[in-house]
Amino acid sequence: MAEDLEDLYENAPCGYASLGPDGRIVKSNLTLSQWTGFSQEALLGKRLRELVNTSGAIFYETHFAPLLRMQGFFNEVALDLVTIDGATLPVLVSAAERRDAYGDLLFTRVTIFQAAERRRYERELVEAKREAERGLAAERTASELREQFVAILGHDLRNPLAAIDAGINLLQRRGFDDRAPDLLAHMRRSGSRMQELINNVLDLTRSRLGGGIPLKKEECSITPVMAQVIEELRIAHPESEFAVNLNATEPVDCDQGRIGQLLSNLLGNALHHGAKNRPIRVVAVTEEGRFTLSVANEGDPIRPEIMERLFLPFYRGEARSSAEGLGLGLYIASEIARAHDGELSVTSDQSGTVFTFTMPTARTAAPDGVG
Amino acid sequence: MSIIARNNVTIAGSGLRTMIFAHGFGCDQNMWRFVEPEFREDFRTVLFDHVGAGKSDLSAYDPAKYGALQGYADDVVAIGEKLGLRGAVFVGHSVSAMIGVLAAIEAPEMFESLVLIGPSPRYIDDGDYKGGFTVAQIEELLASLDDNHLGWSAAMAPVIMGNPNQPELGEELTNSFCRTDPEIAKQFARVTFMSDNRHDLGKVNARVLILQCKEDIIASEAVGAYVQKHIPDSQTVILDATGHCPNLSAPAEVIAAIRRFV
C-alpha cells in the first residue's frame, strides 16, 4: 500500500501548524487538535502564542519571534502548550519560514513534538547540576577549613612542642637535678598551651561545620567562674594589674564553662594588645534581665580596617609573637555569645578598647541551647 | 575597558545628527538590522548592546547597578557623553523605551527626540492601570526563569549553534544575535517586568513619538495610550504590524514613521 500523504499530514506523530504572514494559523493537523483539544476549526486564526502559557508567550514574543524573522527558522524551542482543559503539555517547537521568489513571507511552518519525558529528564539534569554545585561549595568550605587546620597545626603547635622536646633533651642529658621541677613546670605549661590550641580548633570545627558551639546551659551564679578565670590569669601574669568589679547577682541561664572561656579569651586579648602597666578593667553586672560583661584595656585604638574583621577566625590584627595563639580567641568568644542569644561588641578609641558581652539572664523563646 | 567596547558600540552613517538605537529585552542590536541602515544617509547611526546582551562585556555586568533600569539608562548617557551627543534622536524598543525616558530625564540636552517602540512604563496591572499582566503571571514567568533553564539557555543553544542544513547562515550571524547569558537574562527579566516608571513619564521634555503595534501582548495599545497621555510632547502612530517587534516584522512602516517624525 502506498503512503497516503494526506493521512501522513493529519495523523503524523507530531503536530503541524502553518501560520499566514500575519502569524495566524491557516492550517493545522489532526494530531495537534487531539493534543490540545481544540478542533481544527477552532485553531484557525489563532496565534501560536495563544496556545502556550503566559511565560511561553513572553519568551515567544521577545526571543523566538525575532529569531524566526532574522534567520528564517528556529529549532527545538521548549514551550508549554495549554490544552482546552487548561492542562500543560511540554513540547519542543521548530519553525521555518517559507518565502516566495521576491522574499515575501508565504507561510511559517511549525512542527510540534511532545517533550514531557525529555523535559523531565532535563529538569533532573538541572537539579542534579545545582545539587552538585551545592556539594562543591560545601566541599570547598570544608577544604579551606582543613587547609587552615593544617596551617595551624604546622605553625602554632610547633613552638610548644619544640619547648617540650627541648625539655626532654635537657632532662636526658642532665638527669633529674634540682632544676628539673622548674623545667617540668615549663613543659607542662607548653602541654597546656597545646591542649588549649586543640580545644580552640575543635570549637572552630563545631561552630563552622556543626551549626554552632554546643552548650550545657543551666541556671547558675556566674560570679565564681569569672573569679576563677581572673585568678588564674593573675597568677600567670603577675606583672599585670586587674581592676575587677563582679556584681552579677542574679542567676544566669548559661554554660558556665563557656562564659569562663569567653572571659578568658577577652582577657587574653587585653593582656596581649593592651598598654603594659595599665590596668585591665573587668565589670560584670546583671540588671533588667540581662547579664553584661565588659573587658576594657588602655592603649592604641584598633584601626578601622582591623575592626571589620576582628571577629573572623584566623585574623590577627598585627604581626605577632609566636605565643599569641591562633587568632581564634575573639572569633570563639563571639560564637559563644551567639550561642547564648547574646552579642559581643567592641568600641575602641584613644581612651582604650572595650569589649562588651551581653545576654539575657533567663532562657529565651528559642528552646535550643546551641544557637 | 572602554565603554565603546563594553557596550559593543558600532557607529555608521554620515549625517550631522545622531540617531542611537537601543534594543529591548531578549535580543541585541541585531534587532535593528532592517531599520538602522536606512538612516545612514541622513544620520550618524549608533548601535550598542546593553551590558549582558549580545557582544557586550559580560564581565562588566554588575547585579547591583543593573538591578534597576536606571543602571542601563546611565550607560546610555555615558555612551552619549563619550560620543558627544547633543540633540540626538533616541530610538528604543520594548524596555529600552523606558530606559530612553530615564536617559532623557538624566541628560535633557543629549536627546532632542525619543522614538519609543512598544513602550510600557509598568507591565503589571495596578488598580485602574492595566499593564497587561497580573502579578501571578509575572511571578510565573520569573519562576519559570528560575527553574526552567530550558526556555533560555538549553533551548536557545541549538539555534545558536547554527543549522548545518543552511550553511549560508554564517557562523557569526547565528552566533551573535540574541546570545544571552541565562543568569543575566533572568535578572534582566526581573528588572524589566517588575519596573514601574509611570511617574517618570511627566518629566520628559524631549519630543516623543510612540510607535504602537496592534495585538502586542507585551505592551498593549491601552498602555501606549497611557504613555502618550503622560508624556507632555508626545504623539502616537499605530502601526499595522502586530506583535512586539515591528522593527523586525514591519521595518518599512517603522522607518516611514520615524522619518516623518524626525
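Computed from a predicted structure; not experimentally measured.

Reading guide: rules and limits
Residues numbered from 1 in each chain as written. Chains lettered and ligands numbered in written order. Predicted model: local features only at pLDDT ≥ 70, side-chain atom pairs only at ≥ 80, totals over all residues. Heavy atoms only, no water. Pairing = 2+ DSSP bridges. Helix = DSSP H or I, 4+ residues; strand = E, 2+ residues; numbered from the N terminus. Axes fitted to C-alpha atoms, helices over the stretch in contact; angles between N-to-C directions. Contact = heavy atoms within 4.5 Å. Phe/Tyr/Trp six-rings, centres within 6.5 Å; stacked < 30°, edge-to-face > 60°. Buried < 20%, exposed > 50% of the residue type's maximum accessible area, 1.4 Å probe, protein only. Lys NZ or Arg CZ within 6 Å of the ring centre and 35° of its normal. Core = buried A, V, L, I, M, F, W, Y, C linked by side-chain atoms within 4.5 Å. Expected span 1.5 Å × (residues − 1). Arc of directions from axis to C-beta. pLDDT = per-residue confidence, 0-100. Left-handed = near helix turned anticlockwise from the far one by under 90°. Nonpolar A, V, L, I, M, F, W, Y, C, P; charged D, E, K, R; others polar. Salt bridge = Lys/Arg side-chain N within 4 Å of Asp/Glu carboxyl O.

J.: Please explain the sheet that holds strand 1 (residues 15-19) of chain A as it appears in this structure.
T.: Picture the strands of a sheet paired through backbone hydrogen bonds; they go either parallel or antiparallel. Residues and elements named next belong to chain A. Read across the open sheet, the 5 strands follow the order 2-1-5-4-3; overall the sheet is antiparallel. Two strands lie at the open edges of the sheet, namely strand 2 (25-28) and strand 3 (73-82), each paired on one side alone. This sheet shows a mean twist of 25° between the axes of neighbouring strands, independent of strand direction. Sheet analysis places strand 1 next to strand 2, joined by 3 bridges and oriented antiparallel. Paired with leucine 19 across the strands is isoleucine 25, a residue of strand 2. Across the face of the sheet, helix 4 (residues 54-71) comes into contact with strand 1, strand 3, strand 4 (88-99) and strand 5 (105-114) while running at roughly 160° to strand 3.

J.: Sorry, what's going on with the pairing of strand 5 of chain A here?
T.: Residue and element names in this part refer to chain A. As defined by bridge partners, strand 1 adjoins strand 5 across 5 bridges and the pair is classed as antiparallel. For leucine 19, the partnering residue across the bridge sits in strand 5 and is threonine 108. By the bridge criterion, 9 bridges tie strand 4 to strand 5 in an arrangement that is antiparallel. In the sheet register, arginine 99 faces strand 5, and the bridge partner there is leucine 105. Connecting strand 4 to the antiparallel partner strand 5 that follows it, the hairpin turn spans 5 residues, and glycine 103 within it adopts a positive phi of roughly 85°.

J.: What exactly am I supposed to notice about the sheet that holds strand 10 (residues 290-297) of chain A here?
T.: Residue and element names in this part refer to chain A. One open sheet holds the 5 strands; their spatial order is 7-9-10-12-11, and the pairing between them is mixed. Sheet topology places strand 7 (242-247) and strand 11 (343-349) at the edges, where each strand pairs with a single neighbour. Adjacent strand axes in the sheet meet at a mean angle of 10°, parallel and antiparallel pairs treated alike. Of the strand pairs in this sheet, strand 11 and strand 12 (residues 352-360) are connected by 7 bridges, and their pairing is antiparallel. From the neighbouring strand, serine 345 faces strand 12, where its bridge partner is threonine 356. Packing against the sheet, helix 8 (residues 223-236) makes contact with strand 7, strand 9 (280-287) and strand 10, and its axis sits at approximately 170° to strand 7. In this fold helix 11 (residues 329-339) packs onto strand 11 and strand 12, with an angle of close to 135° to the strand it touches most, strand 11.

J.: How should I be thinking about the packing of aromatic side chains in this particular structure?
T.: Two numbers describe a pair of aromatic rings. These are the distance of the centres and the angle of the planes. On inspection of all chains with the given rule, the structure shows 17 aromatic pairs over all chains. Aromatic pair tyrosine 60 of chain A and phenylalanine 74 of chain A: ring centres 6.2 Å apart, planes at 80°, arrangement edge-to-face. With tyrosine 60 of chain A in helix 4 and phenylalanine 74 of chain A in strand 3, this residue pair connects regions lying 14 residues apart in the sequence. Centroid distance phenylalanine 21 of chain B to phenylalanine 39 of chain B: 6.4 Å. Interplanar angle 50°. Geometry classified as tilted. You can see phenylalanine 21 of chain B sitting in strand 2 (residues 17-22) and its partner phenylalanine 39 of chain B sitting in the loop between strand 2 and strand 3 (43-48), a full 18 residues away along the chain. Comparing phenylalanine 21 of chain B with phenylalanine 39 of chain B shows no difference in burial state: the two are buried. Here a set of aromatic residues connected by ring pairs shows up, and it is made of Phe25, Tyr61, Tyr66, Tyr72, Tyr123, Phe133, Phe188 and Phe193 of chain B. Lying across the ring of tyrosine 129 of chain B, arginine 198 of chain B places its NZ or CZ 4.8 Å from the centre. Lying across the ring of phenylalanine 261 of chain B, arginine 207 of chain B places its NZ or CZ 4.1 Å from the centre.

J.: Looking at this model, I keep getting lost on the nonpolar core. Mind explaining?
T.: A general tendency of soluble globular proteins is for nonpolar side chains to be buried together. Core analysis: the biggest nonpolar cluster contains 79 residues, and Phe111 and Leu114 of chain B have the highest contact counts within it. Per-element tally for this core: the top contributor is helix 3 (residues 95-106) of chain B, with 8 residues. Of all hydrophobic cores here, the second largest spans 43 residues; its members include Val229, Ala248, Ile259 and Leu267 of chain A.

J.: Explain helix 3 of chain B to me, please; I cannot follow it from the model alone.
T.: Because each turn of an α-helix spans 3.6 residues, side chains separated by three or four positions end up pointing in the same direction. Residue and element names in this part refer to chain B. Taking 1.5 Å of rise per residue, the 12 residues of helix 3 would be expected to cover 16 Å, and the 17 Å separating its terminal C-alpha atoms lies within 8% of that figure. When you tally the buried positions in helix 3, you get 10 out of 12 residues, the bulk of the element. For helix 3, the set of buried residues is Val95, Ser96, Ala97, Met98, Ile99, Gly100, Val101, Leu102, Ala103 and Ala104.

J.: Mind showing me how you'd approach helix 8 (residues 221-230) of chain B here?
T.: All names here are of chain B. Residues Val223, Gly224 and Val227 constitute the buried set of helix 8. The buried residues of helix 8 all sit within an arc of 105° when viewed along its axis, so they share a single face. What points out from helix 8, more than 90 degrees from its buried face, is the exposed set Ala222 and Lys229. Structurally, helix 8 contributes buried residues whose contacts are with helix 3, strand 5 (111-117) and strand 6 (207-214).

J.: Even after reading the chapter, I still don't get the confidence of the model for chain A, so can you show me in this structure?
T.: In low-pLDDT regions, the fine details of the predicted coordinates are not to be read closely. Residues and elements named next belong to chain A. Per-residue confidence for chain A gives a mean pLDDT of 85; residues scoring 70 or more make up 91%. Taken as a whole, residues 316-324 scores under 50 in pLDDT and shows 17 contacts with residues more than four places along the chain or in a different chain. The low-confidence segment residues 366-371 (pLDDT under 50) makes 10 contacts with residues lying over four places distant or belonging to another chain.

J.: Explanation requested: the packing of helix 9 (residues 256-273) of chain A against helix 11 of chain A in the structure shown.
T.: In helix packing, the relevant descriptors are the interaxial angle and the interaxial distance, both defined with respect to the helix axes. Residues and elements named next belong to chain A. As a packed pair, helix 9 and helix 11 sit with axes 9 Å apart at the nearest point and diverge in direction by 145°. In this structure, helix 9 crosses over helix 11, and the sense of that crossing is left-handed. Contact with helix 9, carried on its side by Arg258, Gln261, Leu262, Asn265, Leu266 and Asn269, involves Gly329, Leu330, Ile332, Ala333, Ile336 and Ala337 of helix 11 and no other residues of that element. Tallied by class, residues from the contact of helix 9 with helix 11 come to 7 nonpolar, 4 polar and 1 charged.

J.: Whenever I open this one, the pattern of salt bridges confuses me. Can you help?
T.: Oppositely charged side chains can form a pair if their charged atoms are brought close together. Scanning the model with the defined rule gives 27 salt bridges over all chains in all. The partner of arginine 134 of chain A in a salt bridge is glutamate 131 of chain A, with the nearest N and O atoms 2.9 Å apart. Residue arginine 134 of chain A and its partner glutamate 131 of chain A are both found in helix 5 (residues 116-156); the two are separated by 3 residues, about one turn of the helix. The partly exposed category is assigned to arginine 134 of chain A, whose relative accessible area is 45%. Using a relative accessible area of 46% as the deciding quantity, one classes glutamate 131 of chain A as partly exposed. Across the pair arginine 122 of chain B and aspartate 196 of chain B runs a salt bridge whose closest N-O atoms are separated by 3.2 Å. Note that arginine 122 of chain B is positioned in the loop between strand 5 and helix 4 (135-147) and aspartate 196 of chain B in the loop between helix 7 (182-193) and strand 6, a separation of 74 residues in sequence. One salt-bridge network, held together by shared partners, links Asp22, Arg24 and Arg47 of chain A together with Glu215 of chain B.

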